[in-house]
Every structure is written in C-alpha cells, then in structure tokens.
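An overview of the molecular structure
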Amino acid sequence: MATEETRNFRSSYYEKVGFRSVEEKKSIEILLKEKPLDISKLKQFSLRFTVPQTYRPLMWKLLLGIISPHVESHTFIMDQRTQEYNDLLEALQSMHIVSEDLPKHHIFLIMWLLRTGNLKLDWRSQLEDPPYQNLLLISSALLEMFDNDVDIFWISKGFFQYVNRFYASVHVLVNTTLKSLEKEDQELYSHLEKVQALDAIPFTKWYCSCFAGLLKDLALAKIWDKLVGGSCKILVFVAIRILTTMKRRLIQLKSAAKIVDCLCDITEETAEMIANKAIELWQQYGSPLTPASHPDGLKPHPPNLRLKGFSVFLN
C-alpha cells in the first residue's frame, strides 16, 4: 500500500506535469451530486481547474445558463431545447434558407439570428460581416469539441451572448494587452511598433472569436473553461503569451504582413504551451477569487492589477 509520502510525491509530480485529472474528476463528481447544484462552486471549479472532457458539455451548459441547477429538471429542459432547435431548423428549411449543403456552423448562426429577430433577407451578406465571422469561428470550433448538434447550438448561443456582452468594451482588452506587452517585453513591443505591426495584429478578432480559428481545440477548451467560469480577462493573458511565446520568430520579421502571417501559423503543440502558460500567468496575477455575474474587467474605473511589476487595468 502506498505511504502518505508516496501519495504526496505522486500528486505533486502529476500537478507539475499537468496531470491532476484524477483529483479533479473526483472533485467535480462531488459537486455534481449536490442538489440543487451550486453554480458558484462550479464556476470556481472551472476557474481553478481544467474541466474534464467527460463533464465539459454538462458544465458549460450549466454555467452558460442553458440548463438549471435543479438536476431533476434537466431532461425536461433539454427536451424543450431540442424542440426549439428543431422548430428553428424546420422554419429555416421551409423558407429555403438552409439546406444540407450549408455548413453546420453557418446553420447554427442563422438559427440564432432568427431566434433573436436579427436575421435579414440578405443573410448571406450578413454572415460576411466581421462580427458574425467571429461567431462562425466559435461554432466551428465547438463542432470539433462536441458531438451533439443540439448541445453545440445552445452552447454556441451561450458564447454568442457572452461575446455580445463585452463586444462594446473590447477596446479595453486591446488597450490593456498593448500596455501589458510593453511592460512584459519591451524589446518585442518596440519591434512590433517599429514595423507597425501593433495596429495590424487582429486583437479584436482574437477576442471576439475567443481565439477560435487560431488555437487548436485542446488549447481552446482549457481557455474557454475560464470564460464560462466568468473571466474574459483570460483573453488578455492568452494574447500576451501568444506574442511572447513566438517572440523568436516575430523578432526576425521586418514587416507587419509577415508578422500577421506568422501569428496565423500556430501548431497544436505550441497552442498547448500557450494555453498552459497563459492560464498559469492568469492564475497568478489575474484570476478572480470570486467570479462576477458579468464578464470581468469591463467596469468604467477598475483598480489596477499588478502583473510582473506593471499594471493591467482590469478588475
């Protein structure tokens, strides 16, 4: 039988190499047995840990408000969600707007636009607008993460609403990123400024797509656990870690166009490294002790957060 010292060493080793899934799985199973479910505790779990893939669809539906904390109502609610999903899809089919050859992520966005009363007659042009292109990237990524179309549609809707809540204040995230990068790595910041890349890097697209289409799915899921937990602040740390992780390549490039192209070429291994480093930095300097009910960091006059000797102007 393993001694306490052996167990402690093993747990410490697993934590260092990123394998805490056994302990996390036990913790989340305990939380999911509570009746009713404590959403605050589940948010704290999502903020502190990576949600096990087995429980991620359920967790995200709970934290995005798709199902209620009352477990006994889940079957009824999802039956109603499925019926509404089918009604929306059938309505679009009867109007000859969607067909089998239209990609699913396009269909999900059109369904959401219909549901919210924002679908236009010229819907094809509507989907070409940058804000909707970002939402398409989110749905496309979710299709790679999950198998159930009904779940994917409603989780997509949750992310669409989340992005909508901070869209008007995305400039706060962008400005914070630039100020933070300048303090974090003056050499890299000066180089990007010199070649006029700071205005060319698509920070707004990164944030409004929550890095979908840029980072691979495993890395995205880890970051999105923090988003559904209530912290859009994680996005700033991800952007900083993308730039600093790729510094060696970026510093050699002499044009903004080449830098932007380089940033579009992130391997799965690099994406994992970026996600892990960003979460580590966020947990150390930016993770909220108590998640707010709205996306954090967007208050008019937030206090400063110290990050390696410089200020991140987010609450």
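Criteria and thresholds
- Residues numbered from 1 in each chain as written.
- Predicted model: local features only at pLDDT ≥ 70, side-chain atom pairs only at ≥ 80, totals over all residues.
- Heavy atoms only, no water.
- Helix = DSSP H or I, 4+ residues; strand = E, 2+ residues; numbered from the N terminus.
- Buried < 20%, exposed > 50% of the residue type's maximum accessible area, 1.4 Å probe, protein only.
- Contact = heavy atoms within 4.5 Å.
- Areas by Shrake-Rupley, 256 points an atom, 1.4 Å probe, with all protein chains shown as cover.
- Core = buried A, V, L, I, M, F, W, Y, C linked by side-chain atoms within 4.5 Å.
- Axes fitted to C-alpha atoms, helices over the stretch in contact; angles between N-to-C directions.
- Parallel < 35°, antiparallel > 145°, perpendicular 65-115°, else oblique.
- Left-handed = near helix turned anticlockwise from the far one by under 90°.
- Phe/Tyr/Trp six-rings, centres within 6.5 Å; stacked < 30°, edge-to-face > 60°.
- Salt bridge = Lys/Arg side-chain N within 4 Å of Asp/Glu carboxyl O.
- Expected span 1.5 Å × (residues − 1).
- Nonpolar A, V, L, I, M, F, W, Y, C, P; charged D, E, K, R; others polar.

Per an unreviewed UniProt entry, the protein chain goes by the name TBC1 domain family member 7 and belongs to Megalurothrips usitatus.

On to the overall build of the protein chain. Of regular secondary structure, the protein chain possesses 17 helices and 2 strands. Relative to its 315 residues, the protein chain shows a buried fraction of 50%. The long-range share in the protein chain, meaning contacts at least 24 apart out of those at least 6 apart in sequence, stands at 66%. For the protein chain, the accessible area works out to roughly 16200 Å², and carbon and sulfur atoms hold 51% of it.

Turning our attention to the nonpolar core. The nonpolar side chains of a soluble globular protein tend to be buried, and buried together. Counting residues in hydrophobic clusters, the biggest one holds 105 residues, and the most contacted among them are Trp 60, Trp 206, Tyr 207, Phe 211, Leu 215, Trp 224 and Ile 242. In terms of residues, this core owes the most to one element, helix α9 (residues 149-167), which gives 10 residues.

Moving on, we come to the packing of helix α3 (residues 39-48) against helix α4 (residues 56-63). Direction vectors running N to C along α3 and α4 enclose 125°, while the axes themselves pass 10 Å from each other. When the axis of α3 is compared with that of α4, the two are oblique. Of the two elements, α3 crosses α4, and the hand of that crossing is left-handed. Where α3 approaches α4, its residues Ile 39, Leu 42, Lys 43, Phe 45 and Ser 46 are matched on the opposing element by Met 59, Leu 62 and Leu 63.

Across all of its chains, the model carries 14 aromatic pairs by this definition. Centre to centre, the rings of Trp 60 and Phe 159 are 5.6 Å apart; their planes meet at 70°, and the pair counts as edge-to-face. Residue Trp 60 is found in helix α4, and its partner Phe 159 is found in helix α9; the two are separated by 99 residues along the sequence. Look at Trp 206 and Phe 211: their rings are 5.8 Å apart centre to centre, the planes differ by 40°, and that puts the pair in the tilted class. When its relative accessible area of 0% is taken as the criterion, Phe 211 is described as buried.

Going through the model one piece at a time under the given rule, you end up with 11 salt bridges. A salt bridge links Arg 56 to Asp 225, with the nearest nitrogen and oxygen atoms 3.0 Å apart. Placement of the pair is Arg 56 in helix α4 and Asp 225 in helix α13 (residues 217-228), with a sequence separation of 169 residues. Assigned by exposure class, Arg 56 and Asp 225 land together as buried. Arg 249 is the partner of Asp 265 in a salt bridge, and the nearest nitrogen-oxygen pair spans 3.7 Å. Here Arg 249 lies in helix α15 (residues 247-250) and Asp 265 lies in the loop between α16 (256-263) and α17 (268-285), a separation of 16 residues in the sequence. A relative accessible area of 44% places Asp 265 in the partly exposed class.

A word on helix α14 (residues 234-245). Along an α-helix, a turn takes 3.6 residues, which lines up residues three or four apart on a common side. In this model α14 runs 16 Å from its N-terminal to its C-terminal C-alpha over 12 residues, within 8% of the 16 Å that 1.5 Å per residue would give. The element α14 is extensively covered by neighbouring structure, given that 11 of its 12 residues are classed as buried. Of the positions making up α14, those classed as buried are Ile 234, Leu 235, Val 236, Phe 237, Val 238, Ala 239, Ile 240, Arg 241, Ile 242, Leu 243 and Thr 244.

Let us now look at the environment of Leu 188. Summarising the element assignment, Leu 188 is placed in helix α11 (residues 186-194). Note on Leu 188: relative accessible area 0%, which makes it buried. Each C-alpha atom of the pair Leu 188 and Leu 243 lies 8.3 Å from the other, and the pair is 55 residues apart in sequence. Dropping the residues within four chain positions of it, Leu 188 is found in contact with Leu 181, Leu 243, Thr 244, Lys 247, Leu 250 and Ile 251.

This part takes up the packing of helix α8 (residues 130-145) against α9. Contact geometry for α8 and α9: axes closest at 9 Å, N-to-C directions at 145°. Two packed elements cross with a definite hand, and for α8 against α9 that hand is right-handed. For the pair α8 and α9, the contacting residues are Pro 131, Leu 135, Ile 138, Ser 139, Leu 142 and Leu 143 in the first and Asp 149, Ile 152, Ile 155, Ser 156, Phe 159, Phe 160, Val 163 and Tyr 167 in the second. Residues that form the contact of α8 with α9 fall into these classes: 11 nonpolar, 2 polar and 1 charged.

The next thing to look at is unusual backbone geometry. Going from Lys 35 to Pro 36, the amide bond is cis rather than trans, its omega being -10°. Along the chain, the position of Pro 36 falls in the loop between α2 (21-31) and α3. At His 96, a position not held by glycine, the phi torsion is positive, near 60°. With respect to the secondary-structure elements, His 96 resides in the loop between α5 (74-94) and α6 (104-115). Exposure remark for His 96: the relative accessible area of 73% places this residue in the exposed category.

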